Amino acid sequence: ALLVGAMLLARNVTRPLSRLAATARRVERGDYVGDIGVRRRDELGDLAMAFGNMQRGIAHREKKIAHQAFHDHLTDLPNRVSLQDRLQQAMQKARHSGTTLGVLMLDIDHFKEINDTMGHAIGDRVLIELGRRLRDGVRDGDTSARFGGDEFVVLMEAAGDADALQRRALELHQALTTPLNVDALELYLGVSIGIALYPGHGDTPDELLRRADIAMYDAKQTDNRLCVYTPGRDAQHLYKLSLMHDLRRAIPNNELL
């Protein structure tokens, strides 16, 4: 009788507790998808159900934290960290397949004036809407991301030559600059786009992003909708930045002649 009682105890208590302990160790290792395997209608069943709810809750929070780490909280587009990784992968893919990759840097014209005159709430709605239009306007396989502030980046894979990329960029520009209705206001958004190509305009993600940024500022200064990076513009751009720095120092020190 004692042997039978011990066997029943092992079956009814010890085994379920062992499974719950194994589940706790699995969750501790970061595995949140396994089945507990305890289905009863007693206190141990309630405990197993609580373990299952805890496991699903942790999994949901971990997924949310991981998403937030690589996505912009306002537009839900990939953020700068995620963009760097995707750009590196896209460059490797283009290198192996012998295709081109287009890097587009986009900036909203006069966005500061929108924030200053209409408030940051309206500015946020403009950013959210632009993010939505980017998501809808790029092709399958392309990547759109928020780079920071009012700057966005689009990676266009298998982009073809510079002319083909400019045609795709103009189509995207048209979709982005459709008048935006905010409450009773109709906003006409201006967007400047700078374009850099791989291979040709850079061998690293930082080089491509920097040169697309230079091209974007060239487009802004010349009132063009978009501009392709011109080799050699790095030196001219750095010279202008250096000159601006020198002027700021020279004026208060009476160093101008």
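Our structure's up above, just so we're on the same page.
Residues numbered from 1 in each chain as written. Predicted model: local features only at pLDDT ≥ 70, side-chain atom pairs only at ≥ 80, totals over all residues. Heavy atoms only, no water.

## Points about the overall build of the protein
Then, number 1: Of the regular secondary structure elements, the protein holds eight helices and seven strands.
Then, number 2: Within the protein, contacts between residues at least 6 apart in sequence are counted, and of these 62% link residues at least 24 apart.
Then, number 3: Here the protein displays about 15700 Å² of accessible surface, and carbon together with sulfur accounts for 55% of that area. (Helix = DSSP H or I, 4+ residues; strand = E, 2+ residues; numbered from the N terminus. Contact = heavy atoms within 4.5 Å. Areas by Shrake-Rupley, 256 points an atom, 1.4 Å probe, with all protein chains shown as cover.)

## Considerations on the environment of Asp140
Then, number 1: Here Asp140 lies in the loop between helix H5 (120-137) and strand S2 (143-148).
Then, number 2: Between the C-alpha atom of Asp140 and that of Glu157, which follows or precedes it by 17 residues, the distance is 9.6 Å.

## A word on helix H4 (residues 111-118)
Then, number 1: All of the buried residues in H4 are Phe111, Ile114 and Asn115. Here the buried residues of H4 occupy an arc of 95° about the axis, which is enough to place them on one side. Along H4, exposed side chains directed more than 90 degrees from the buried face belong to Lys112, Asp116 and Thr117.
Then, number 2: Contacts from the buried residues of H4 go to strand S1 (101-108) and H5. (Buried < 20%, exposed > 50% of the residue type's maximum accessible area, 1.4 Å probe, protein only. Arc of directions from axis to C-beta.)

## What about unusual backbone geometry?
Then, number 1: Along the chain, Tyr198 connects to Pro199 via a cis peptide bond; the corresponding omega equals -5°.
Then, number 2: When you line up the elements, Pro199 lands in the loop between strand S6 (191-198) and helix H7 (205-221).
Then, number 3: For Asp223, which is not a glycine, the phi torsion comes out positive at approximately 60°.
Then, number 4: Along the chain, the position of Asp223 falls in the loop between H7 and strand S7 (226-228).

## Focus on the pairing of S2
Then, number 1: Counting buried positions along S2 gives five out of six residues, so the element sits mostly inside the fold.
Then, number 2: Here S2 pairs with strand S3 (residues 151-157) via five bridges, running antiparallel. Directly across from Thr143, in S3, lies its bridge partner Leu155.
Then, number 3: Linking two consecutive strands that pair antiparallel, namely S2 and S3, is a turn of two residues; a positive phi of about 60° is found at Gly149 within it. (Pairing = 2+ DSSP bridges.)

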